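# Examination of the molecular architecture
Read off the chains here:
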Amino acid sequence: MPFPGAGVLALIQIVEGPAMVPHTPWEMVLAGSALTQAVFVFLVLLSLLSWGIMLAKWLEFRRVRRHGDEFMREFEHSSTLEEATRASARGGASPHSRVFARALQFLQDTTPALAGSPERTARFSGSQVEALRLVLDAETNAERDQLGSYLPWLATIAAVSPLIGLLGTVIGIISAFIGIAEGGSGNLSAVAPGVAEALIATALALAVAIPAVFAYNLFASRLNRIDGDVEGFGSELIALLVREGRI
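Presented here is a report on the structure given in the accompanying data block.

This model, assessed by the stated rule, comprises 5 salt bridges. Here Lys57 ties to Glu60 by a salt bridge, and the two come within 2.7 Å at their closest N and O atoms. You can see Lys57 and its partner Glu60 sitting in helix H3 (residues 34-76), 3 residues apart, about one turn around the helix. Across the pair Asp229 and Arg65 runs a salt bridge whose closest N-O atoms are separated by 2.8 Å. With Asp229 in helix H8 (residues 188-244) and Arg65 in helix H3, this pair connects stretches of sequence that are 164 residues apart. Residue Arg65 is classed as partly exposed on the basis of its relative accessible area of 32%. Put simply, Arg65, Asp69 and Asp229 are held in one network by salt bridges that share partners.

With that settled, the discussion passes to the packing of H3 against helix H5 (residues 95-109). Where H3 meets H5, the axes come as close as 7 Å, and the angle between the chain directions of the two elements is 55°. Relative to H5, the element H3 is oriented oblique. Of the residues in H5, those touching H3 at Val64, Gly68, Phe71, Met72 and Phe75 are Pro95, His96, Ser97 and Phe100. Its residues assigned to classes, the contact of H3 with H5 shows 6 nonpolar, 3 polar and no charged.

Quick look at empty space enclosed by the protein now. Applying the stated criterion to the full structure yields 1 cavity of 30 Å³ or more. Roughly 40 Å³ of volume is contained in the largest cavity. Lining the largest cavity are Pro95, Thr140, Glu143, Arg144, Leu147, Ile226, Asp227 and Val230. Listed by contribution, the elements that provide at least two residues to the lining of the largest cavity are helix H6 (126-147) and H8. Per-element accounting of the lining of the largest cavity gives the leading share, 4 residues, to H6. Its residues assigned to classes, the lining of the largest cavity shows 4 nonpolar, 1 polar and 3 charged.

Right, let's talk about unusual backbone geometry for a bit. Negative phi characterises most residues that are not glycine, and trans characterises most peptide bonds. Even without a glycine there, the phi angle at Tyr150 is positive, about 75°. Along the polypeptide, Tyr150 turns up in the loop between H6 and helix H7 (151-183).

Next up on the list: the environment of Ile174. When you line up the elements, Ile174 lands in helix H7. Sequence separation between Ile174 and Val195 is 21 residues, and the spatial gap between their C-alpha atoms is 9.0 Å.

Rules and cut-offs
Residues numbered from 1 in each chain as written. Predicted model: local features only at pLDDT ≥ 70, side-chain atom pairs only at ≥ 80, totals over all residues. Heavy atoms only, no water. Salt bridge = Lys/Arg side-chain N within 4 Å of Asp/Glu carboxyl O. Helix = DSSP H or I, 4+ residues; strand = E, 2+ residues; numbered from the N terminus. Buried < 20%, exposed > 50% of the residue type's maximum accessible area, 1.4 Å probe, protein only. Axes fitted to C-alpha atoms, helices over the stretch in contact; angles between N-to-C directions. Parallel < 35°, antiparallel > 145°, perpendicular 65-115°, else oblique. Contact = heavy atoms within 4.5 Å. Nonpolar A, V, L, I, M, F, W, Y, C, P; charged D, E, K, R; others polar. 1 Å grid on protein atoms, 1.4 Å probe; cavity = no way out; pocket = protein on both sides within 12 Å on 5 of 7 lines; lining within 4 Å. Points joined across faces, edges and corners; volume = space filled by probe spheres on them.

Structure representation (structure tokens):
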């Protein structure tokens, strides 16, 4: 036997029922469980971190490329080590200029092993040239490590975000089954909120991971290009020393 007022409550549910269903992704997030909301917040934080790293690295690579190109244009027009030194002083800071400064320090701190005749400049021995090459390689690797800082974070975010989104998806599916159990049937109104919650978690995770993957591959390519340029500069510097008769 229905209790008194059951018809009124049914009418209220018919009138107000559609308003209780979330219609936007934001409403679905607010209507989700605390664990799901924690997943969403964590993904948003990862997205902010990812975009911050991308902006910082883009500005850094742009500055390094510009200063490196300026230094190499000056260096290519230098016929002596002194001219190259003055050209380095005029340019901005770059991996090329820092490698050059490290090479100059090595040359100043090292006494040439081959004294030579009075009319010829003292020259460096083969072992000293090999030591110079090792110094250039070490400085090049240090510059590469410096430029590559925070890039592993992008790779980590790109790899972890889909897994976190999968966690949110599983939680949403669980919420859908709970809705079925509480509603006593598998109708759309009982299943839809949980499924929508799961799909939002998946979409947000992909929105975090896809830009991070693109940015990581782009920056890794630029890093390899700059590293190759700096290694080539080391060979050109040794060739300049050979032309001057220092080697």
